[in-house]
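Fold and contact review
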Amino acid sequence: AQSVTQLGSHVSVSEGALVLLRCNYSSSVPPYLFWYVQYPNQGLQLLLKYTSAATLVKGINGFEAEFKKSETSFHLTKPSAHMSDAAEYFCAVSASSNDYKLSFGAGTTVTVRA
Amino acid sequence: GAGVSQSPSNKVTEKGKDVELRCDPISGHTALYWYRQSLGQGLEFLIYFQGNSAPDKSGLPSDRFSAERTGGSVSTLTIQRTQQEDSAVYLCASSLGLASGELFFGEGSRLTVL
């Protein structure tokens, strides 16, 4: 079975600082990994996904994530935080492109200080 | 429609009452999913529909929970004899078949059981 663990339920960063959100996965097969973002009072939307192509994946709004098999990690980063990045971020995993059941982490809430 | 639509957005009910939550997916999306988001926890998979059939109901917490989908479109999640532990945000998502994890989420229905 696949699962993900997000380290840190809350992250606070200053505007312009690096955003780093940690996600470690557990999977018996090469995983498909995703980051979703949920802005206040909105549904989740896909930020980026890893599907066994390039290990460095670029997403929307300047976010990127790197798949590291040796560390079983898929951390999300953004070089310079913007106030609009305040949201909740979820890491998710599935076993394949045809696996309908995504397993989500508990989420990390990001606050951005002016 | 333009996005996944869920209703009601908020529902407060008394313990023991039945509730129905509705999801209207994106037009043309054949796959539909229900997840539950409880405070401080990740998204918990409930059920998945491909067309009108539900191949996987394993996530439904108890026999008080049921869901149906008609016409390959609208889905209803029904909770009978609600309990306080049912309080959560119920999220619906849809996708173009098994779309490699790219789920499109609604804004959710927040259920509070008093």
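Given the structure is predicted, the values throughout are model-derived calculations rather than measurements.

**Remarks on the state of the cysteines**
Taken as a whole and judged by the stated rule, the model has 2 disulfides over all chains. Here C23(A) connects covalently by a disulfide to C91(A), the sulfurs 2.0 Å from one another. Linking C23(A) and C91(A), the disulfide has an S-S dihedral of approximately -65 degrees and is accordingly described as left-handed. Of this pair, C23(A) sits in strand β3 (residues 19-26) while C91(A) sits in strand β9 (residues 87-94), and the two are 68 residues apart along the sequence. Judged on exposure class, the residue C23(A) and its partner C91(A) are both buried. Here C23(B) pairs with C92(B) through a disulfide, and the sulfurs are 1.9 Å apart. Looking down the S-S bond of the C23(B) and C92(B) bridge, the torsion is -70 degrees, so its handedness is left-handed. Here C92(B) lies in strand β9 (residues 88-95) and C23(B) lies in strand β3 (residues 19-24), a separation of 69 residues in the sequence. Each member of the pair, C23(B) together with C92(B), is buried.

**With respect to the side chain of S75(B)**
All names here are of chain B. Following the sequence through the fold, S75 ends up in strand β8 (residues 75-79). Overall, S75 belongs to the buried group, its relative accessible area being 0%. Among the polar contacts made by the side chain of S75, one reaches the main-chain carbonyl oxygen of E68 at a distance of 3.0 Å. Leave out the neighbours within four places in its chain, and S75 touches L21, R22, C23, L32, W34, F49, E68 and R69.

**With respect to the interface of chain B and chain A**
Contacts between the two partners involve 21 residues from chain B and, on the opposite side, 19 residues from chain A. Inspection of the chain B/chain A interface yields 0 salt bridges. The interface formed by chain B and chain A includes 3 residue pairs in polar contact (both at pLDDT 80 or more). Residue assignment for the side of chain B that touches chain A shows that the elements contributing at least two residues are β4 (31-37) and β5 (43-50) of chain B. Of the residues in the side of chain B that touches chain A, the class split is 10 nonpolar, 8 polar and 3 charged.

**So, the sheet that holds strand β7 (residues 65-69) of chain B**
Residue and element names in this part refer to chain B. Taken in spatial order, the 4 strands make up an open sheet running β1-β3-β8-β7, and their pairing is antiparallel. Only two strands of the sheet have a single neighbouring strand rather than two, namely β1 (5-7) and β7. Neighbour-to-neighbour, the strand axes of this sheet turn through a mean angle of 15 degrees, independent of strand direction.

**Notes on the nonpolar core**
Ranked by internal contacts, the top residues of the largest apolar core, which has 27 residues, are W35(A), L48(A), F74(A), L76(A) and Y89(A). Of all elements in the fold, only β2 (10-14), β3, β4 (32-38), β5 (44-50), β7 (64-68), β8 (73-78), β9 and β11 (108-113) of chain A reach the threshold of two or more residues within this core. If sequence neighbours within four positions are ignored, F74(A) has contacts with C23(A), L33(A), F34(A), W35(A), L48(A), Y50(A), V57(A), A65(A), E66(A) and F67(A). Counting 21 residues, the second-largest nonpolar core is a separate cluster that includes V4(B), I79(B), A88(B) and C92(B).

**Describing the pairing of β7(B)**
All names here are of chain B. Only one face of β7 is covered, namely the one carrying F65, A67 and R69; the face carrying S66 and E68 has none of its residues buried. Looking at chain direction, β7 and β8 are connected through 5 bridges and run antiparallel. Residue pairing across strands places R69 opposite S75, the latter belonging to β8. Counting the residues in the hairpin turn of β7 and β8 gives 5 residues, including G71, whose phi is positive at 60 degrees.

Rules and cut-offs
- Residue positions within a chain follow its written sequence, with the count starting from 1.
- Written order determines the labels here, with chains lettered from A and ligands numbered from 1.
- Restriction of local features to residues with pLDDT of at least 70 applies here, the model being predicted, together with a cutoff of 80 or more for giving and counting side-chain atom pairs; totals for whole chains, interfaces and linings are based on all residues.
- To obtain the side-chain values, all non-hydrogen atoms of the structure were used and water was disregarded.
- In this description, a disulfide is simply a cysteine sulfur pair whose atoms lie within 2.5 Å.
- Helix numbers and strand numbers start at the N terminus; a helix is a DSSP run of H or I with at least 4 residues, a strand a run of E with at least 2.
- Accessibility here uses a 1.4 Å probe with only protein chains present; expressed as a share of the type maximum, an area under 20% marks a residue as buried, one over 50% as exposed, and anything in between as partly exposed.
- What qualifies as a polar contact is a pair of N or O atoms within 3.5 Å, subject to a donor-acceptor requirement within protein and to the restriction that residues adjacent in sequence count only when both atoms come from side chains.
- What makes two residues a contact is simply this: any of their non-hydrogen atoms within 4.5 Å.
- Definition used for salt bridges: Asp or Glu carboxyl oxygen within 4 Å of a side-chain nitrogen of Lys or Arg.
- By the convention adopted, Pro, Cys, Tyr, Trp, Phe, Met, Ile, Leu, Val and Ala count as nonpolar, Lys, Arg, Asp and Glu as charged, and the other residues, Gly among them, as polar.
- Two strands qualify as a pair provided that DSSP identifies no fewer than 2 bridges between them.
- Axis definition: a line fit to C-alpha positions, over the contact stretch in the case of helices; interaxial angles, taken between N-to-C directions, run 0 to 180 degrees.
- Here the nonpolar core consists of buried residues drawn from Ala, Val, Leu, Ile, Met, Phe, Trp, Tyr and Cys, with membership extended through side-chain atoms lying within 4.5 Å.

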